[in-house]
Amino acid sequence: MSRRTTAKKRLIAADPLYNSPLVTMLVGHIMKDGKKSLARRIVYDALLIIKEKNRIDPLEILEKAVRNATPLMEVKARRVGGSTYQVPMEVRSDRGTTLALRWLTKFSIQRTGKSMGFKLASELMDAAKELGQTIRKREETHRMAEANKAFSHYRY
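Residues numbered from 1 in each chain as written. Predicted model: local features only at pLDDT ≥ 70, side-chain atom pairs only at ≥ 80, totals over all residues. Heavy atoms only, no water.

When you go through the protein chain residue by residue, the secondary structure sums to six helices and two strands. When the helices and strands of the protein chain are placed in sequence order, the string is α-α-α-β-β-α-α-α. Buried positions account for 38% of the 156 residues belonging to the protein chain. A separation of at least 24 residues holds for 62% of the contacts in the protein chain among residues at least 6 apart in sequence. On the protein chain, roughly 10300 Å² of surface is accessible, and the fraction owed to carbon and sulfur atoms is 51%. (Helix = DSSP H or I, 4+ residues; strand = E, 2+ residues; numbered from the N terminus. Buried < 20%, exposed > 50% of the residue type's maximum accessible area, 1.4 Å probe, protein only. Contact = heavy atoms within 4.5 Å. Areas by Shrake-Rupley, 256 points an atom, 1.4 Å probe, with all protein chains shown as cover.)

Shown next, in the form of structure tokens:
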């Protein structure tokens, strides 16, 4: 990382089918080895499964799942006087969204199920209902921040 200038934030193009940058970000997180068409097909399959099961706009469920999975606080290691402290810090909105998408994809991959589209749809629906591994991970992150509240004065 450069010490001189900060990296500029890139604009995320909206998805062609759903016209949402959140879908584009999800496709980027699902993608492996540069196979974007396969990642798009997985995400579109998941959104189609959500639409068939719930009869609601799948974008609403995706946005609700990401909102529910986004952490407000996290801990960062801070070295002070030879010892390392876990210092609780607030999460910026873009980092929170990235963490939520990362956890959603990670735990959908770990799920048991037929196809990746089905597993992703299940994880998204669970997160929208505040259930599942993704929500458990967010709660664990919040618990860690709460437990280390005593070290909050070491913030940068």
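This part covers the packing of helix α4 (residues 93-110) against helix α6 (residues 132-147). Where α4 contacts α6, the axes come no closer than 9 Å and their chain directions differ by 135 degrees. Compared by their axis directions, α4 and α6 come out oblique. Crossing handedness for the pair α4 and α6: right-handed. Across the interface between the two elements, Ala100, Trp103, Leu104 and Phe107 of α4 pack against Gln133, Thr134, Lys137, Arg138 and Thr141 of α6. (Axes fitted to C-alpha atoms, helices over the stretch in contact; angles between N-to-C directions. Parallel < 35°, antiparallel > 145°, perpendicular 65-115°, else oblique. Left-handed = near helix turned anticlockwise from the far one by under 90°.)

With that out of the way, let us pick up the UniProt feature "domain: Small ribosomal subunit protein uS7" (unreviewed entry) in the protein chain. As annotated in UniProt, the feature "domain: Small ribosomal subunit protein uS7" (unreviewed entry) corresponds to residues 2-149 in the numbering used here. Secondary structure across residues 2-149 comprises 59% helix and 11% strand; the distance between its end C-alpha atoms is 31 Å. (UniProt positions renumbered as here; feature names shortened; annotations may be inferred.)

Side chains that are nonpolar tend, in soluble globular proteins, to be buried together. In this structure, Val23, Ile30, Val43, Leu62 and Leu120 are the most contacted members of the largest nonpolar core, which totals 31 residues. At the level of elements, α1 (21-30), α2 (36-54), α3 (58-69), α4 and α5 (116-128) are the ones that each hand at least two residues to this core. Top contributing element to this core by residue count: α2, with eight residues. Setting aside residues no more than four positions away along its own chain, Val23 makes contact with Asp15, Tyr18, Val43, Tyr44, Leu47, Leu59 and Leu62. (Core = buried A, V, L, I, M, F, W, Y, C linked by side-chain atoms within 4.5 Å.)

For the rest of this paragraph, the subject is the packing of aromatic side chains. One pass over the structure, following the stated rule, counts one aromatic pair. A ring pair is formed by Tyr18 and Tyr44, whose centres lie 5.9 Å apart and whose planes are at 50 degrees; its orientation type is tilted. Note that Tyr18 is positioned in the segment before α1 and Tyr44 in helix α2, a separation of 26 residues in sequence. Assessed through its relative accessible area of 21%, Tyr18 is described here as partly exposed. Lys114 extends its terminal NZ or CZ atom over the ring of Phe118, reaching a point 5.1 Å from the ring centre. (Phe/Tyr/Trp six-rings, centres within 6.5 Å; stacked < 30°, edge-to-face > 60°. Lys NZ or Arg CZ within 6 Å of the ring centre and 35° of its normal.)

Our next topic: the pattern of salt bridges. In the structure shown here, the tally under the stated rule is seven salt bridges. One salt bridge connects Asp94 with Lys9, and the closest N-O pair in it is separated by 3.6 Å. With Asp94 in helix α4 and Lys9 in the segment before α1, this residue pair connects regions lying 85 residues apart in the sequence. Residue classification places Asp94 among the partly exposed positions, given a relative accessible area of 28%. Residue Arg111 pairs with Glu123 through a salt bridge whose shortest N-O separation is 2.6 Å. (Salt bridge = Lys/Arg side-chain N within 4 Å of Asp/Glu carboxyl O.)

With that settled, consider the side chain of Asp15. When you line up the elements, Asp15 lands in the segment before α1. With no salt bridge to any partner, buried Asp15 finds its closest opposite charge in Arg40, at an N-O distance of 4.2 Å. At 2.8 Å, the side chain of Asp15 forms a polar contact with the side chain of Tyr44. Setting aside anything within four residues of it in sequence, one finds Asp15 in contact with Ser20, Pro21, Val23, Thr24, Arg40 and Tyr44. (Lys, Arg positive; Asp, Glu negative; His and termini not counted. Polar contact = N/O pair within 3.5 Å; in protein donor to acceptor, adjacent residues only side chain to side chain.)

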